[in-house]
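The primary structure of each chain is shown beneath.
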Amino acid sequence: MSGPVLVPILGDQLTRTLASLRGRNKDDTVILMMEVWDEATYVKHHKQKIVLVFSAMRHFAEELREAGWTVDYVRLDDPDNAGSFTGEVARAIERHDPRLVSVVEAGEWRVRQDMDQWADKFACEVEILRDDRFVCSQAEFDDWAKDRKELRMEFFYREMRRKTGLLMDDNEPAGGQWNYDSENRKPPKEGLAAPERPKFEPDGITREVIDLVQSRFGDHFGSLDRFEWPVTRDDAARAADAFFAERIECFGPYQDAMIAGQDDLFHSMLSTSINLGLLDPLELCRRAEQAYRDGKAPLNSVEGFIRQIIGWREYVRGFYFNQMPGLAEANALKATRPLPEFYWTGKTDMACLADCIRSTGDNAHAHHIQRLMVLGNFALLAGMEPQAVEDWFLVVYADAYDWVELPNVAAMILYADGGKLASKPYAASGNYINKMSNYCSGCRYKVSQKTGEGACPFNPLYWHFMARHRERFEKNPRIGRIYATWDRMGETKQREYLESAEAFLDTLGPAAEGWAR
Ligand SMILES: Cc1cc2nc3c(=O)[nH]c(=O)nc-3n(C[C@H](O)[C@H](O)[C@H](O)COP(=O)(O)OP(=O)(O)OC[C@H]3O[C@@H](n4cnc5c(N)ncnc54)[C@H](O)[C@@H]3O)c2cc1C
Ligand code: SF4
């Protein structure tokens, strides 16, 4: 065959230097971009996420055309749209008769399984290239993970620091420590307020996609009233500029703080752009390091930011492919409770959960500690079924893709992997939320009350969780000592905790149907 090279680019591969584009001749290449029904609906994504991905794709196609590439763009409402990546690549092969299909590996297990069939399905040659936008290749991660029973992020992170040279001084970590997390747990002080992040008004392209999503996905979760995400490389760069100019200084200290109504605090809000491919994660880390070297940002903030990216982000990606497909089915704690309706409606008297769910609906975003210590902690303590919780997190966040959502949910918050990722469950009573937020002062429940009507539900749920999993956690050196406290309480107090928890759990009601799938 002598046709062109066909380069399919998926919705989260919006990077000009993508491996499949590097070194290609523009006259001999057709780029294929596809809005397909299967991807928009395999779960019922938050409306903002669908707008974000389709709008960013349409803008990227324009950018490529302006740079002289030929782009074959298939819109969702094209009457001949086959509805799947495989179907659309097959149609494009008929249109262009390519000599080669060159594609970068998909980030999701599900799509990768389909892609692996392409070479057998299609009559032309197919090459699947490694996604080298990640610092760590899968082979490297698998090599690091083999022979380890526990896959602790902290040790992986140190390897990534050495590999990239980020925050390294002559082979030693800058400042003498690898990790400054202990300086990054400041509770929010009275009157703490973060500068407003830049908001990006929808342009004509985005407005057209908003109309499409309103009409085709109107029953999906979430609001479109406040669509403010960057959808172009330039806007994403402006969002990053604002973070480095105004928020990085406080990013570290207040990383775990939560304030009702202040949805982003000092977080970067860059995950949507990084995950789409609009921002280069390593470049952001180098920029953060420069801010530290220039004396413009403190080491604890910069190290914290870099750890989230070359530590957690790289780690969960490696962990995902290392543990799939089993991770999607994992349920080590045998949790079976259905996800209650209020995760979708926000209708709960628990002020912390209500605010996090409100922010999730309004922004398709909640910051890390809200996801981990409020939404996740509650799901863990209440014993919610992992697959229902995983679906929820995949649906509701604009930055959610299976490779990053699943390890965070199954392994980090739910301990469903039995402790390969986390050395102990992230379980906490109302005390933690009270210390790190101002939620409790506006709540119908009393955080200081441990049991009975009106007690903060996190308090009895915490002990209910610990008691029902005693066998598993008693010997855990990081958490086992808690059972001495439990034993000292005596039977009456223990019974009060257990009965309070059960009375509360009985109020949660049946499964919420029809929201996720
Ligand atoms: C239960 C749960 C589910 C999550 N689901 C997702 C998800 O679907 N998609 C997603 O991108 N992140 C997810 N995260 C990680 C994290 O919460 C988000 O990346 C972060 O809130 C995005 O906001 P930000 O850009 O302001 O992050 P910042 O707080 O500013 O952090 C900077 C960057 O670090 C990276 N990062 C930080 N923590 C993590 C982490 N645990 N895993 C991977 N990357 C991380 C992100 O790229 C983020 O943009 C999840 C965390 C939890 C606890
Ligand atoms: S009292 Fe309990 S439920 Fe209410 S906001 Fe505080 S932690 Fe949440």
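For the structure itself, look to the data block above.
Trainee: Could you give me a rundown of the site of ligand 2, with the residues and numbers involved?
Mentor: Around ligand 2 sit Met-350, Cys-352, Ile-433, Tyr-439, Cys-440, Cys-443, Tyr-445, Val-447, Cys-456 and Phe-458, and that is every residue in its neighbourhood. Counted by class, the shell around ligand 2 contains 10 nonpolar, no polar and no charged residues.

Trainee: How would you sum up the site of ligand 1? Please name residues and give values.
Mentor: Not every one of the 29 residues close to ligand 1 is listed here, only the nearest: His-267, Ser-268, Met-269, Asn-275 and Asp-399. Between His-368 and ligand 1, the recorded distance is 3.0 Å, taken from a side-chain N or O atom to an oxygen atom. Side-chain polar atom of Arg-371 to a nitrogen atom of ligand 1: 3.4 Å apart, as the coordinates give it. If ligand 1 stood free it would expose 820 Å²; the protein chains cover 99% of that surface. For the shell around ligand 1, the secondary-structure elements that each account for two or more residues are helix H10 (271-276), helix H12 (299-323), helix H16 (368-381) and helix H18 (402-413).

Trainee: Lay out the packing of H16 against helix H17 (residues 386-396) in plain terms, naming residues and giving numbers.
Mentor: At a minimum axis separation of 11 Å, H16 and H17 run at an interaxial angle of 150°. What the angle tells us is that H16 and H17 run roughly antiparallel. Every pair of crossing elements has a handedness; the one defined by H16 and H17 is right-handed. Mapping the contact onto sequence places Arg-371, Leu-375, Gly-376 and Ala-379 in H16 and Val-389, Trp-392 and Phe-393 in H17. Taken together, the residues that form the contact of H16 with H17 break down as 5 nonpolar, 1 polar and 1 charged.

Trainee: Describe the state of the cysteines, with residues and values.
Mentor: Think of a disulfide as a covalent bridge from one cysteine sulfur atom to another cysteine sulfur atom. Applying the stated criterion across every chain yields a total of 0 disulfides. Its sulfur unpaired, Cys-250 is 20 Å from the next cysteine sulfur, which belongs to Cys-285. For Cys-250, a relative accessible area of 25% corresponds to the partly exposed category.

Trainee: Can you lay out the packing of aromatic side chains for me, pointing to particular residues and giving the numbers?
Mentor: Under the criterion given, the structure shown has 36 aromatic pairs. Judged by centre distance (5.5 Å) and plane angle (70°), the ring pair of Trp-144 and Phe-156 falls under edge-to-face. Residue Trp-144 is found in helix H6 (residues 138-145), and its partner Phe-156 is found in helix H7 (residues 153-164); the two are separated by 12 residues along the sequence. Here Trp-144 and Phe-156 have matching classes, each one buried. The ring centre of Trp-229 lies 5.3 Å from the NZ or CZ of Arg-197, which sits over that ring. The ring of Trp-403 has Arg-317 sitting right over it, with the charged end atom 5.6 Å from the ring centre.

Conventions adopted
Position labels on residues start from 1 in each chain and follow its written sequence. Working convention: letters from A go to chains and numbers from 1 go to ligands, in the order in which they are written. Per-residue local features are limited, in this predicted model, to residues with pLDDT of at least 70; the limit for side-chain atom pairs, both in listing and counting, is 80 or more; totals at the level of whole chains, interfaces and linings are taken over all residues. As a rule here, side-chain values come from all non-hydrogen atoms in the structure, and water together with hydrogens is ignored. By convention in this text, a residue qualifies as near a molecule or strand provided that one of its non-hydrogen atoms is within 4 Å of it. When residues are sorted by character, Ala, Val, Leu, Ile, Met, Phe, Trp, Tyr, Cys and Pro go into the nonpolar class, Asp, Glu, Lys and Arg into the charged class, and all the rest, Gly among them, into the polar class. Throughout this description, a polar contact denotes any pair of N or O atoms lying within 3.5 Å of each other; where both atoms belong to protein, one of them has to be capable of donating a hydrogen while the other can accept it, and for residues adjacent in sequence the pair is counted only when both atoms sit in side chains. Only the protein chains shown count as cover for residues, and all accessible areas are computed by the Shrake-Rupley method using a 1.4 Å probe. Per the convention used, a helix needs a DSSP run of H or I reaching at least four residues, while a strand needs a run of E reaching at least two, with both numbered from the N terminus. Note on method: axes are straight lines fitted to C-alpha atoms, helices fitted across the in-contact stretch only, with angles between N-to-C directions ranging 0 to 180 degrees. Under this scheme an angle from 65 to 115 degrees is roughly perpendicular, one under 35 degrees roughly parallel, and one over 145 degrees roughly antiparallel; angles in between are oblique. By definition, any crossing whose near helix is turned counterclockwise from its far helix by less than a right angle is left-handed, and any crossing with a clockwise turn is right-handed. Working rule for contacts: check all heavy atoms of both residues, and any pair within 4.5 Å makes them a contact. Sulfur atoms of two cysteines make up a disulfide when they are within 2.5 Å. Residue exposure (1.4 Å probe, protein chains only): buried if accessible area is under 20% of the type maximum, exposed if over 50%, otherwise partly exposed. Between 30 and 60 degrees the pair is tilted, below 30 it is stacked and above 60 it is edge-to-face, where a pair is any two Phe, Tyr or Trp rings, Trp via its six-membered ring, whose centres lie within 6.5 Å. Whether a charge sits over a ring depends on NZ of Lys or CZ of Arg being within 6 Å of the ring centre and within 35 degrees of the ring normal.

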